[in-house]
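Given next are the chains, with one letter for each unit.
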Protein chains: 2
Amino acid sequence: MSRPTIYDVARESGFSIKTVSRVINEAPNVRKETVDRVRAAIELLQYHPDPAAQRLGGGKLPTIGVLVDSIDDPFFAQVVAVIEARAMDVGMDVLVASTGMDETRLRMQIQRLARRGVAGLVVAPFGEPEHVSAALPDDVPVVVIDRRCGVTDKDVVRVTDEQGATDAVRHLVARGHRRIGFLGKTSAFNTLEDRYTGYEKALAEAGIEVDARLVETRAWTADEAYPYALAMLATADAPTAVFAASPMMGLGVLRAQQRLHRQDVALVIFGDYPVAELMTPPTTVIDQRPSALADTAFDLLARRIQDPAAEVLDTVLPTLLVPRGSGELAPRADS
Amino acid sequence: MSRPTIYDVARESGFSIKTVSRVINEAPNVRKETVDRVRAAIELLQYHPDPAAQRLGGGKLPTIGVLVDSIDDPFFAQVVAVIEARAMDVGMDVLVASTGMDETRLRMQIQRLARRGVAGLVVAPFGEPEHVSAALPDDVPVVVIDRRCGVTDKDVVRVTDEQGATDAVRHLVARGHRRIGFLGKTSAFNTLEDRYTGYEKALAEAGIEVDARLVETRAWTADEAYPYALAMLATADAPTAVFAASPMMGLGVLRAQQRLHRQDVALVIFGDYPVAELMTPPTTVIDQRPSALADTAFDLLARRIQDPAAEVLDTVLPTLLVPRGSGELAPRADS
DNA sequence: CGGGGTGTTGACAGCGCTGTCATACCGCCA
DNA sequence: TGGCGGTATGACAGCGCTGTCAACACCCCG
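Position labels on residues start from 1 in each chain and follow its written sequence. In the order they appear in the text, chains get letters beginning with A and ligands get numbers beginning with 1. Two thresholds apply to this predicted model, a pLDDT of at least 70 for residue-level local features and 80 or more for giving and counting side-chain atom pairs, whereas whole-chain, interface and lining totals are computed over all residues. Hydrogen atoms and water are omitted, and side-chain values are computed over all heavy atoms in the structure.

This brings us to the nonpolar core. Core analysis: the biggest nonpolar cluster contains 139 residues, and Phe243 of chain A together with Phe243 of chain B have the highest contact counts within it. In what follows, residue pairs with any heavy atoms lying within 4.5 Å of each other are defined as contacts. Sequence-distant contacts of Phe243 of chain B, that is, excluding residues within four places in its chain, are made with Ala165, Ala168, Val169, Ile180, Gly181, Phe182, Leu183, Arg195, Tyr199, Val268 and Phe270 of chain B. Grouping buried Ala, Val, Leu, Ile, Met, Phe, Trp, Tyr and Cys residues that are joined through side-chain atoms within 4.5 Å yields what is termed a nonpolar core. Buried means the residue's accessible area, taken with a 1.4 Å probe over protein chains only, is under 20% of the maximum for its type, while exposed means over 50%, and partly exposed covers the values in between. With 47 residues, the next largest nonpolar core counts Ala219 and Leu267 of chain A together with Ala219 and Ala276 of chain B among its residues.

Spelled out as structure tokens, the structure:
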């Protein structure tokens, strides 16, 4: 009546449950004919092993946990989507959890997922290195994505934050811009710090001095960025171009531009976002390529699950400058 | 060394594992003092029951499964996010899975989730009613979201598709539009069919006859919609307004508008999307309010988990017309 | 022809928990 | 005082699987 168990398969096939178990797990030293007979019984009964039972007595769930800031952030949504797709291919499923950018919750969620017996964890951490390191479990394979957070004993996949930012600002400089604004809460993550460094570097290359009035590092959300962007764009010596160090900063700038009816300010945003190509003008972005990041993270996780002692890797993927229009605007004539 | 088990708590507290189990499950007939002593031991050892073991021998995992078309669709991403948040509040976690709009995969994923022993399932189905009904399990609580698909024996949460569409088209008619295009693959879902009905109804009210040249029901993705939208907007007697029956159709139209440099065509899209308010002009939408939908779905699921025999509910939530600009454009003077 | 692999299979004990049933004790009434 | 019902607790058998170890059949070699 209920789901068939390994005992039903054993009875049906005429072998012991252990042999059935061997067939399920593709263990060596089972005669080909035996395998076939057991397989036939499995097929006949539509048997599927119970993951919870498999997990008992050692073992892990065929499940991988994904912990991100927020699931409906387009960047993370894509990460989750790719990981889910990859996991499905190998018969695993995905537990999602979010931190809401709360350190206590980050900790709690990691513990919960680990307790669930997941085979591996993909985590986008944040916060102080010592806290993060303490929060990450040592008995479960973990891959850290997007933000390093000082973690050195786990595999990490991230992007070239500094280089990407440099690319962005160089791109603007090449169009003739000299007054280039920066928005991004550099104190929040090392990634944003790196992006600021990239900004500085590109300016230095061009012999442009950093103008503190064009650098805004206090805002974190789009709502917070908006008034700053508004102020920055409204001043007398407003920047002719802006580098938004995150999509949220970008949204703040776009809102400000809309409010001021200023579509002439060049803009490059670090991080692609949906329908960026349909904006007026279409937004030039530094694409962090979340799919590639997630793909790599999955590969690394699979590798570590298979070999927990493998060498710890810090993978840095290149970003991609996607020119769409907003980053190619020339400086206003009157500035 | 390893995680403490119920035996450790039993030893520490001086009671049997069964009594500890009773305390964990808040069973009746346990002396208050005993409860306190056991709780203290649990606290001391930082004990947490193993969900996999709890699930064995009857029982369900403290987990709810969510199955949607695609996790990085903004609509579904928000649904997943809300459900994850609600689940976390009650100590459950969330398994995500996607169908990729493949019927076989829909079936497979449902079976996988059911086998995992989830306590409940939230599913956005599609396809023929008989297939969908066959695919949905009867031994696991299920809530169907967004699309009814002929399901009658499960709780359903959806929105007023027809009314929303009528609202949208009435809104356009009220601005003076008489030639109003429709895009949406009506054969795909009952929801799209309903939206078409709403379109027809609003036109009929206004005494406008449906012009077959303004109705495009073949496209499903944004890529497919684009050429149709292009064709529709480029003809001599092009519509002065368009009702896009889904966000994907909307993207197709927006691309066409961008391509043709036509920002004068009024547009209402069924379904909100990120940064719609930053478009030029900002896009007027019929908001399906995914958060409310997910909230309701969670409530219904909780209710059904608690009482599997509860009356089956078909909940229809209202949509919300959000005027932002594109839907308030007047007809072009020359049409 | 015996000894020592190697390949194939099964018996059985857990894994960490909950359900069933038994036990011990209490107060109470006849 | 015996017995009954109710409360508090524990012993023990599963749940469905995998790990350990033993058993048995072969085969090759000396």
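Here we take up unusual backbone geometry. Residue and element names in this part refer to chain A. Here the residue pair Thr280 and Pro281 is connected by a cis peptide bond, since its omega of -10 degrees sits within 30 degrees of zero. The way it works is that DSSP assigns letters per residue, a run of H or I at least four long becomes a helix, a run of E at least two long becomes a strand, and they are numbered from the N terminus. Looking at the element boundaries, Pro281 is found in the loop between β9 (266-270) and β10 (284-287). For Glu26, which is not glycine, the phi dihedral falls at a positive 50 degrees. Position of Glu26 relative to the elements: it lies in the loop between α2 (17-24) and α3 (32-45). Phi angles above zero are rare outside glycine, and Met101 is one such case at about 60 degrees. With respect to the helices and strands, the residue Met101 is situated in the loop between β2 (93-98) and α6 (103-115).

Residues and elements named next belong to chain B. Mapping Asp138 onto the fold places it in the loop between α7 (129-135) and β4 (142-145). For Asp138, a relative accessible area of 67% translates into the label exposed. With 72 residues separating them along the chain, Asp138 and Val210 place their C-alpha atoms 43 Å apart. The residues touching Asp138, leaving out its near neighbours within four places in the chain, are Asp153 and Lys154. Whenever a nitrogen or oxygen atom comes within 3.5 Å of another N or O atom, the pair is scored as a polar contact, on the condition that within protein one atom can donate a hydrogen and the other can accept it, and that pairs from neighbouring residues in sequence are kept only if both atoms are in side chains. A polar atom in the side chain of Asp138 sits 2.9 Å from the side chain of Lys154.

Turning our attention to the sheet that holds strand β5 (residues 155-159) of chain B. Pairing between strands is defined by DSSP: at least two bridges between them are needed. Pairing in this open sheet of 12 strands is mixed, and the strands run β11(A)-β5(A)-β4(A)-β3(A)-β1(A)-β2(A)-β2(B)-β1(B)-β3(B)-β4(B)-β5(B)-β11(B) from one edge to the other. Edge positions in the open sheet fall to β11 (314-317) of chain A together with β11 (314-317) of chain B, since each of these has one partner strand only. The average undirected angle you get between the axes of adjacent strands in this sheet is 20 degrees. One ladder, built from 4 bridges, connects strand β5 (residues 155-159) of chain A with β11 of chain A; its direction is parallel. Every axis in this analysis is a line fitted to C-alpha atoms, fitted for helices over the stretch in contact. Angles between the N-to-C directions lie between 0 and 180 degrees.

Our focus in this paragraph is the relation of the copies chain A and chain B. A least-squares fit on C-alpha atoms brings the copies together, and the residues used are those whose pLDDT is at least 70 in both copies. Superposing chain A onto chain B requires a rotation of 180 degrees together with a translation of 0.1 Å along the rotation axis, leaving an RMSD of 0.3 Å. Such values leave the two copies arranged in the relation of a two-fold axis. An overlap of 100% is found between the interface residues of chain A and their copies at the interface of chain B, pointing to a shared contact surface.

Attention shifts here to the sheet that holds strand β12 (residues 320-322) of chain A. All names here are of chain A. Taking strand neighbours across the sheet as the criterion, the 6 strands line up as β7-β6-β8-β9-β10-β12 in an open arrangement whose pairing is mixed. What marks the edges here is a single partner per strand, and that holds for β7 (215-216) and β12. Running at roughly 165 degrees to strand β6 (residues 180-183), helix α10 (residues 222-234) makes contact with β6, β7 and β8 (241-244) of the sheet.

On to the protein's contact with DNA strand D, then. Here, proximity means that at least one heavy atom of the residue falls within 4 Å of the molecule or strand. Close to DNA strand D lie 25 residues; Ile6, Lys18, Ser21 and Tyr47 of chain A together with Thr34 of chain B are nearest. Of all atoms in DNA strand D that approach within 4 Å of the protein, 64% are sugar or phosphate atoms. Interatomic distance of 2.4 Å between a side-chain N/O atom of Tyr47 of chain A and a phosphate oxygen of DNA strand D. Contact distances for DNA strand D include 2.8 Å between a phosphate oxygen and a backbone N or O atom of Ser16 of chain B. Going through the elements one at a time, α1 (6-13), α2 and α4 (51-55) of chain A together with α2 (17-24) of chain B are the ones with two or more residues in the surface near DNA strand D. All residues other than Ala, Val, Leu, Ile, Met, Phe, Trp, Tyr, Cys, Pro, Asp, Glu, Lys and Arg, Gly among them, are scored as polar; the first ten of these are nonpolar and the last four charged. Classifying every residue of the surface near DNA strand D gives 10 nonpolar, 10 polar and 5 charged.

Below, the discussion takes up α10 of chain A. Residues and elements named next belong to chain A. Under the 1.5 Å per step criterion, the end-to-end length of α10 is 18 Å for 13 residues, consistent within 8% with the ideal 18 Å. Taken as a whole, α10 has its buried residues at Ala222, Ala225, Ala229, Leu230, Met232 and Leu233. All buried residues of α10 fall inside an arc of 165 degrees around its axis, so they share one side. For α10, the exposed residues lying more than 90 degrees away from the buried face are Asp223 and Ala234. Multiplying 1.5 Å by the helix residue count minus one yields the expected span of that helix. Here the arc refers to the directions that run from the helix axis out to each C-beta atom.

Domain delimitation in this document rests on an assignment produced automatically or drawn from a domain database. Taken as a whole, chain A is organised into domain 1 (6-49), domain 2 (61-159 + 290-318) and domain 3 (161-288 + 321-328). For domain 1 of chain A and domain 3 of chain A, the distance between their C-alpha centres works out to 61 Å.

All names here are of chain A. In this model, α3 (14 residues) spans 20 Å end to end at C-alpha, consistent with the 20 Å of a helix rising 1.5 Å per residue. Within α3 the residues assigned to the buried category are Thr34, Val35, Val38, Ala41 and Ile42. Along α3, the residues classed as buried sweep out an arc of 130 degrees about the axis, all on the same side. Of the residues in α3, the exposed ones pointing more than 90 degrees away from the buried face are Lys32, Glu43 and Leu44. Packing partners of the buried residues in α3 comprise α1 and α2. At the C-terminal side of α3, Gln46 shows a positive phi close to 55 degrees.

What follows is about the interface of chain A and chain B. The accessible area lost on association of the parts is a frequent measure of interface size. Counting residues at the interface gives 45 residues for chain A and 45 residues for chain B. Buried area: the accessible area, evaluated with a 1.4 Å probe, that two parts lose upon being put together, summed over both parts. Of the roughly 4,000 Å² buried between chain A and chain B, counting both surfaces, carbon and sulfur atoms make up 58%. It is Arg115, Arg116 and Leu278 of chain A that lose the most area in chain A upon contact with chain B, and together they represent 16% of the buried surface on that side. Every case where a carboxyl oxygen of Asp or Glu lies within 4 Å of a side-chain nitrogen of Lys or Arg is listed as a salt bridge. Taken together, the links from chain A to chain B amount to 6 salt bridges. With a closest N to O distance of 2.7 Å, Asp93 of chain A and Arg116 of chain B form a salt bridge. Counting across the chain A and chain B interface gives 20 residue pairs in polar contact (both at pLDDT 80 or more). Looking at the side of chain A that touches chain B, the elements with two or more residues in it are α4, β1 (61-68), α5 (74-89), β2, α6 and α11 (247-260) of chain A. Residues of the side of chain A that touches chain B, tallied by class, amount to 24 nonpolar, 9 polar and 12 charged.

It is worth spelling out the packing of aromatic side chains at this point. Stacked, edge-to-face and tilted are the three classes for Phe, Tyr and Trp ring pairs, Trp counted by its six-membered ring, which pair at centre distances within 6.5 Å; planes under 30 degrees apart are stacked, over 60 edge-to-face, the rest tilted. Enumeration over the complete set of coordinates arrives at 14 aromatic pairs over all chains. Centre to centre, the rings of Phe182 of chain B and Tyr199 of chain B are 5.1 Å apart; their planes meet at 50 degrees, and the pair counts as tilted. Separated by 17 residues along the polypeptide, Phe182 of chain B in strand β6 (residues 180-183) and Tyr199 of chain B in helix α9 (residues 190-205) bring together distant segments of the chain. Residues Phe182 of chain B and Phe243 of chain B carry aromatic rings whose centres are separated by 6.0 Å and whose planes lie at 55 degrees to one another, so their mutual orientation is tilted. One end of the pair, Phe182 of chain B, is in strand β6; the other, Phe243 of chain B, is in strand β8 (residues 241-244), with 61 residues separating them in the sequence. What links up through ring pairs into an aromatic cluster is the set Phe182, Tyr196, Tyr199, Phe243 and Phe270 of chain A. Here the guanidinium or amino end of Arg147 of chain A rests over the ring plane of Phe189 of chain A, the centre of that ring lying 4.1 Å away. The residue whose ring lies beneath Arg195 of chain B is Phe270 of chain B, and the NZ or CZ to ring-centre distance is 3.9 Å. Put simply, a charge is over a ring when the Lys NZ or the Arg CZ is close to the ring centre, within 6 Å, and near the line of the ring normal, within 35 degrees.

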